[in-house]
Amino acid sequence: MSLSFQKRPALVAYVTCGDPDLATTRAIVLAAVEAGAHIIELGVPFSDPVADGPVIQRASERALRHGTSLEQVLKLGKEVRSKSQAGLIIFSYLNPILRLGLTKFSAALEDAGINGALITDLPVEEAGDYVREMRKRRLDTVFLAAPTSPDERLKQIAKASTGFVYAVSRTGVTGARKQLPEDTRDLVRRVRRHTKLPIAVGFGISSAEQFAAVGEFAEAAVVGSAIVETIERNPGKEPEAVAQFVRQLLAGTSQLSAKQGQR
Amino acid sequence: MATATIPRGKKDSTRTPGRFGVYGGRYVPETLVSALEELERAYEKAKRDRKFQARLDELLRSYAGRPTPLFFARRLTEKLGGAKIYLKREDLLHTGAHKINNCLGQALLAERMGKRRIIAETGAGQHGVATATVCALFGFECVVYMGTEDMRRQELNVFRMRLLGAEVRGVESGSRTLKDAINEAMRDWVTNVRTTHYLLGSVLGAHPYPTMVRDFQIVIGREARAQILNAEGRLPTAIIACVGGGSNSIGIFHHFIKDKRVKLIGARRLSRSAAGNVFLRSARRCRSDRQYALSFRRAGLSLDRSRARLAQRFGQSRVRPRIRRRSPGRLHPAGSHRRHHSGPRIRTRHSRGR
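Residues numbered from 1 in each chain as written. Chains lettered and ligands numbered in written order. Predicted model: local features only at pLDDT ≥ 70, side-chain atom pairs only at ≥ 80, totals over all residues. Heavy atoms only, no water.

1. Section: the packing of helix H5 (residues 102-112) of chain A against helix H6 (residues 128-136) of chain A
All names here are of chain A. One way to put it is that H5 packs onto H6 with a least axis distance of 9 Å and a crossing angle of 35 degrees. Two packed elements cross with a definite hand, and for H5 against H6 that hand is right-handed. Taking contact as the criterion, the partners of Leu-102, Thr-103, Phe-105, Ser-106 and Leu-109 in H5 are, on H6, Asp-129, Tyr-130, Glu-133 and Met-134. For the contact of H5 with H6, a count of residues per class yields five nonpolar, two polar and two charged. (Axes fitted to C-alpha atoms, helices over the stretch in contact; angles between N-to-C directions. Helix = DSSP H or I, 4+ residues; strand = E, 2+ residues; numbered from the N terminus. Left-handed = near helix turned anticlockwise from the far one by under 90°. Contact = heavy atoms within 4.5 Å. Nonpolar A, V, L, I, M, F, W, Y, C, P; charged D, E, K, R; others polar.)

Next comes the structure, spelled out in structure tokens:
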């Protein structure tokens, strides 16, 4: 099964698994899919999340406090898959995956029916073994493209990616921002020169307006910190709150996507 | 000195650049990769540039105070009655530690790359002070990240950094120590990468940092080698260096790695949890009070803490009878004096860590 980008923009929703606990994460994921999220990034909590801003740092700390592990996240993915056909991507730092072992990791992904993975701190140069393992099992490898990546690197990133390419909207860590920087559009244009894959834009997208704006030049938008913050602010009714937030995000684009869908 | 400060050629002990066996490499978010590549290029170019070498040599000599003496510690040698002990006095450098060697080198590189904002992490504050000092020398903006727990412990160094014009930013996340300061510095770097150089102080992180920091520190070993040959006409039997971030130890070891007969010994503090585990492992195997007392020594733990840990792990019933400290430096299992049994010698540790 492959990742689907039939709507434009598709919503890629990120959650930190195990925050507040794994059972709630499962309910949140299913609620988000029900509300219209197309792809879910299952975030593996990590002790040193250098690419993440304060919201996801706090969520990771909470999830780690009761010992959430990569194995548990994979199990969670399998449970979600038994109930939903949405795209599932593991979003992790390399360390937990390295500890589990690349072979075991890819086998577990296949077994769970998870589509692929995105590893934040694994640039393409270091990704040889990982990409080989993932290809053997036809799993997607999503790589990040940054505004600071020169064209030569974008070419390598596009070549190593399957499923989609994740364009980082700005230099910096994850977290909501009021405005999308000007060079995001430029980065997407540069990535597109090297690939026919769909492009998802992420980092800093938190409102329906931004979400719709991304839809003008990219196939998908990733929303992370804003969802994690919604979870943080609504203890006891997390799934409902996330579902409502997702519907809000998508509300402004339903007409647009209907038009785009006919192309 | 006629010798170049950092190795000029491409020759490296590692086969692939930036790889040390299974270690090394470059595992960072994509946004930083091009900055690391830029740094690597600048460094490779600089080390082949005679002007760069000459400027660094001059700064090390006139500003930092190189070469540092190799001092024969006569009284310590007599007291311990074993090896002849020499001290390589890196503590005599400006700011009081070897850290300045690396800071000067990287500041020169930052200047070449046109980056006038410097960020750094610090634990005890030594690297932060050296960075702040070098930034004052070069007229760079300087931001130092430091865990709030470390800031509390090392108040004086925080004061020194601020006095030198650096901004010290407290890090509240995680354990509020060095590791979290590094994470926060990385986040700053990801955000301001186009204008900022991250002046890392240890032989860790992504390539080219470990290689580059080592190269800026091996001046220690080069001097020490010439000095010991001059003083003794031979190489030392062993070199002992403390290991924290590793820059001091690799700095002195590097020029002796090929001398198989020189023993290279790194000394590091056992973390509290590691010490606890060593203790638990050895304490469980104890068949006698004597062995039990020895297990404290192996773990370097205080008696009370060891007993508390053991009780916590295995229940009070497993904790052996109280052992009394009879005189400083000796431990006796309770009642053992009646059996004319003197306990093992245990060297007390008066202080641990810095």
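2. Thoughts on helix H1 (residues 30-47) of chain B
Here H1 of chain B spans 26 Å end to end across 18 residues, near enough to the 26 Å set by a 1.5 Å rise per residue. Here H1 of chain B lies mainly inside the structure; 15 of its 18 residues are buried. (Expected span 1.5 Å × (residues − 1). Buried < 20%, exposed > 50% of the residue type's maximum accessible area, 1.4 Å probe, protein only.)

3. Thoughts on the nonpolar core
In this structure, Ile-40, Leu-42, Ile-90, Phe-105, Leu-109 and Tyr-130 of chain A are the most contacted members of the largest nonpolar core, which totals 66 residues. Aside from chain neighbours lying at most four places away, what touches Tyr-130 of chain A is Leu-102, Ala-117, Leu-118, Ile-119, Leu-122, Thr-141 and Phe-143 of chain A. Membership of the second largest hydrophobic core comes to 61 residues, among which are Leu-56, Met-146, Tyr-209 and Phe-216 of chain B. (Core = buried A, V, L, I, M, F, W, Y, C linked by side-chain atoms within 4.5 Å.)

4. A short note on the sheet that holds strand S7 (residues 167-171) of chain B
All names here are of chain B. What the four strands build is an open sheet, ordered S7-S6-S5-S8; its pairing is parallel. Only two strands of the sheet have a single partner each, and these edge strands are S7 and strand S8 (196-198). On average, each strand axis in the sheet is tilted by 25 degrees relative to the strand beside it, whichever way the strands run. Bridge count between strand S6 (residues 141-147) and S7: five bridges; the pairing is parallel. (Pairing = 2+ DSSP bridges.)

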